[in-house]
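Residue-level structural notes
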Amino acid sequence: MYLEKLELKHFRNYEDVNVAFSPQVNVLIGKNAQGKTNLLESIYVLAMARSHRTSNDREMVTFKKDAALIRGEVHQRLGNTKLELLISRKGKKAKVNHLEKARLSQYIGQLNVILFAPEDLALVKGAPSVRRRFIDMEFGQIDALYLHTLTEYRAVLRQRNKYLKELKTKKATDKVYLEILSEQLSESGSQIIFKRLEFLQELEKYADKLHNQITQGKEHLQFQYESTLKEYQGKSVLELKQSLIEQYKTMMDKEIFQVLIRHHSSRLLVAFHTGEIPVRLHVIGKIQDLLQQCHVRLAGRVPTDSRLHRSRFPEHGPRDRRAAFGVQQLRVTAFECIQHHTIFIA
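As a starting point, this report considers the structure included with it. (Residues numbered from 1 in each chain as written. Predicted model: local features only at pLDDT ≥ 70, side-chain atom pairs only at ≥ 80, totals over all residues. Heavy atoms only, no water.)

Comments concerning the layout of surface pockets
- Considered as a void within the structure, the second largest pocket measures approximately 370 Å³ in volume.
- Lining the second largest pocket are 19 residues; nearest its centre among them are Tyr44, Arg50, His52, Asp120 and Arg133.
- Of all the secondary-structure elements, those providing two or more residues to the lining of the second largest pocket are helix H3 (122–125) and helix H4 (128–142).
- Per-element accounting of the lining of the second largest pocket gives the leading share, five residues, to H4. (1 Å grid on protein atoms, 1.4 Å probe; cavity = no way out; pocket = protein on both sides within 12 Å on 5 of 7 lines; lining within 4 Å. Points joined across faces, edges and corners; volume = space filled by probe spheres on them. Helix = DSSP H or I, 4+ residues; strand = E, 2+ residues; numbered from the N terminus.)

See the structure below:
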């Protein structure tokens, strides 16, 4: 898979532009603040229907314009796929081969991209929600059902939280309805936990092997998924569901009193092991190594024809570490610019 054509209208600083890409290496050269990063961002937005730089869609629309349009043509073995994403005040509209998708979850996955950006350091240094979002977005490209389940989960969660407020203010009294919502939340929540664990276990195999090579056998890398749900390891989806239902029943009165808006919390821990001693992740070079391992090896879960990598990432670390990834590297750099922009192509 590779992106063959890209068309932008009123996206950031691009009024109207058409770009044709080579199936091999593409180099973008320009002065600072000319739109190199904006172009890479548009590719990410075309694939994921969201920006990695902002949560405000209006920032992607050219000043004093009503909407931004991104079109792309993706070359695949079985034929080309045409993608279109319209961003306006009313929201987003996505089309695949000129057919509009009712949900964005049905659109995501048509173009698989992996982004390296300085903001990714938050995966290690930021809040647990950042790491959960990383898992959800990356895994969502591989498994469309996971993304659909996650959308359902969030919808039921909002509905349940609203009803908890009504119970607290005495606007509602029926706890049976709360139990129904809790069971629906447990249904989708159990599938999400199971898939996240499955995803991280698969990812750890690739990342640990590669990190061990990079450190010349001195260190091992480990992912640990922690949840407020007790004893979730090794359980089936059905067992996880039952555990969640029991937990919600136990917490019901407390939730009504306190109106706990959060769903069961979870976090992803990253540890490097030197011998038998786990050490805290603190070196920037190691952080970047980890992020690159995660993204590149994650692409291995997608069929070879479905890999496309685009990035904006500062280049650091010893040359032997960078070479260990075994991928072609495209550096998109700016004239008189210190920061490098790198694209990895599997």
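There's more to say after this.
Description of helix H6 (residues 175–214)
- For H6, spanning 40 residues, the distance from its first C-alpha to its last is 55 Å, which sits close to the expected 58 Å at 1.5 Å a residue.
- When the local axis directions of H6 are compared, the greatest deviation, roughly 25°, occurs at Glu204.
- For H6, the capping residue at the N-terminal end is Asp174, with a side-chain oxygen 3.0 Å from the backbone nitrogen of Val176.
- Two residues or fewer after H6 comes Gln216, characterised by a positive phi angle close to 55°. (Expected span 1.5 Å × (residues − 1). Bend = angle between axes of the 7 residues up to and from the residue. Polar contact = N/O pair within 3.5 Å; in protein donor to acceptor, adjacent residues only side chain to side chain.)

Quick look at the sheet that holds strand S1 (residues 2–11)
- Spatially, six strands are ordered S2-S1-S3-S4-S5-S6 in an open sheet, and the strand pairing comes out antiparallel. The open sheet terminates on both sides in strands that have one partner only, identified here as strand S2 (14–20) and strand S6 (99–100).
- Taken together, the six bridges between S1 and S2 define a ladder with antiparallel strand orientation. Looking at S2, one finds that Glu7 is bridged to Asn18. (Pairing = 2+ DSSP bridges.)

Things to note about the packing of aromatic side chains
- The final tally for this structure, using the stated rule, is three aromatic pairs.
- With centroids separated by 4.7 Å and ring planes inclined at 85°, the aromatic side chains of Tyr163 and Tyr177 adopt a geometry described as edge-to-face. Taken together, the positions of Tyr163 in helix H5 (residues 144–168) and Tyr177 in helix H6 put the pair 14 residues apart, joining distant regions of the chain.
- Taken together, Phe139, Tyr146 and Phe199 form an aromatic cluster joined through their ring pairs.
- Geometry around Tyr248 places Arg160 over its ring, the cationic atom sitting 4.5 Å from the centre. (Phe/Tyr/Trp six-rings, centres within 6.5 Å; stacked < 30°, edge-to-face > 60°. Lys NZ or Arg CZ within 6 Å of the ring centre and 35° of its normal.)

Some details on the pairing of strand S5 (residues 91–96)
- Relative to S5, strand S4 (residues 81–88) runs antiparallel, the two being bridged by six bridges. Looking at the pairing, Ile87 lines up with Lys92 of S5.
- Linking S4 back to S5 in an antiparallel pair, the connection comprises two residues.

Observations concerning the packing of H4 against H5
- Put simply, H4 and H5 touch, their axes get as near as 5 Å, and they point 135° apart. Viewed along their axes, H4 and H5 adopt a mutual orientation that is oblique. Only Ala144, Tyr146, Leu147, Leu150 and Arg154 of H5 make contact with H4, whose side of the interface consists of Ile135, Asp136, Phe139, Gly140 and Ile142.
- Taken together, the residues of the contact of H4 with H5 break down into seven nonpolar, one polar and two charged. (Axes fitted to C-alpha atoms, helices over the stretch in contact; angles between N-to-C directions. Parallel < 35°, antiparallel > 145°, perpendicular 65-115°, else oblique. Contact = heavy atoms within 4.5 Å. Nonpolar A, V, L, I, M, F, W, Y, C, P; charged D, E, K, R; others polar.)

Some thoughts on the packing of H4 against H6
- One way to put it is that H4 packs onto H6 with a least axis distance of 11 Å and a crossing angle of 85°. The orientation of H4 relative to H6 falls into the category roughly perpendicular. Contacts from Arg132, Ile135, Asp136, Glu138 and Phe139 in H4 reach Lys195, Arg196, Phe199 and Leu200 in H6.
- Tallied by class, the residues present in the contact of H4 with H6 amount to four nonpolar, no polar and five charged.

Observations concerning the pattern of salt bridges
- Overall, the coordinates contain 13 salt bridges when judged by the stated rule.
- Note that Glu7 is salt-bridged to Arg71, the shortest N-O span being 3.3 Å. Here Arg71 lies in strand S3 (residues 67–75) and Glu7 lies in strand S1, a separation of 64 residues in the sequence.
- Among the residues examined, Glu7 registers a relative accessible area of 17% and is labelled buried. (Salt bridge = Lys/Arg side-chain N within 4 Å of Asp/Glu carboxyl O. Buried < 20%, exposed > 50% of the residue type's maximum accessible area, 1.4 Å probe, protein only.)

A short note on a nonpolar patch on the surface
- A surface patch of nonpolar side chains, amounting to about 290 Å² of accessible area, comprises Val25, Val27 and Ile29.
- Assignment of secondary structure puts Val25 in the loop between S2 and helix H1 (36–48). (Patch = residues over 30% accessible without salt bridge, like charges linked within 9 Å, V, L, I, M, F, W, Y side chains within 5 Å. Areas by Shrake-Rupley, 256 points an atom, 1.4 Å probe, with all protein chains shown as cover.)

Some points on the pairing of S1
- Most of S1 is tucked away: seven of the ten residues are buried.
- As paired elements, S1 and S3 share seven bridges and run antiparallel to each other. Note that in S3 the partner of Leu6 across the bridge is Gly72.
- What sits between the antiparallel neighbours S1 and S2 is a turn of two residues, in which Arg12 has the positive phi angle 55°.

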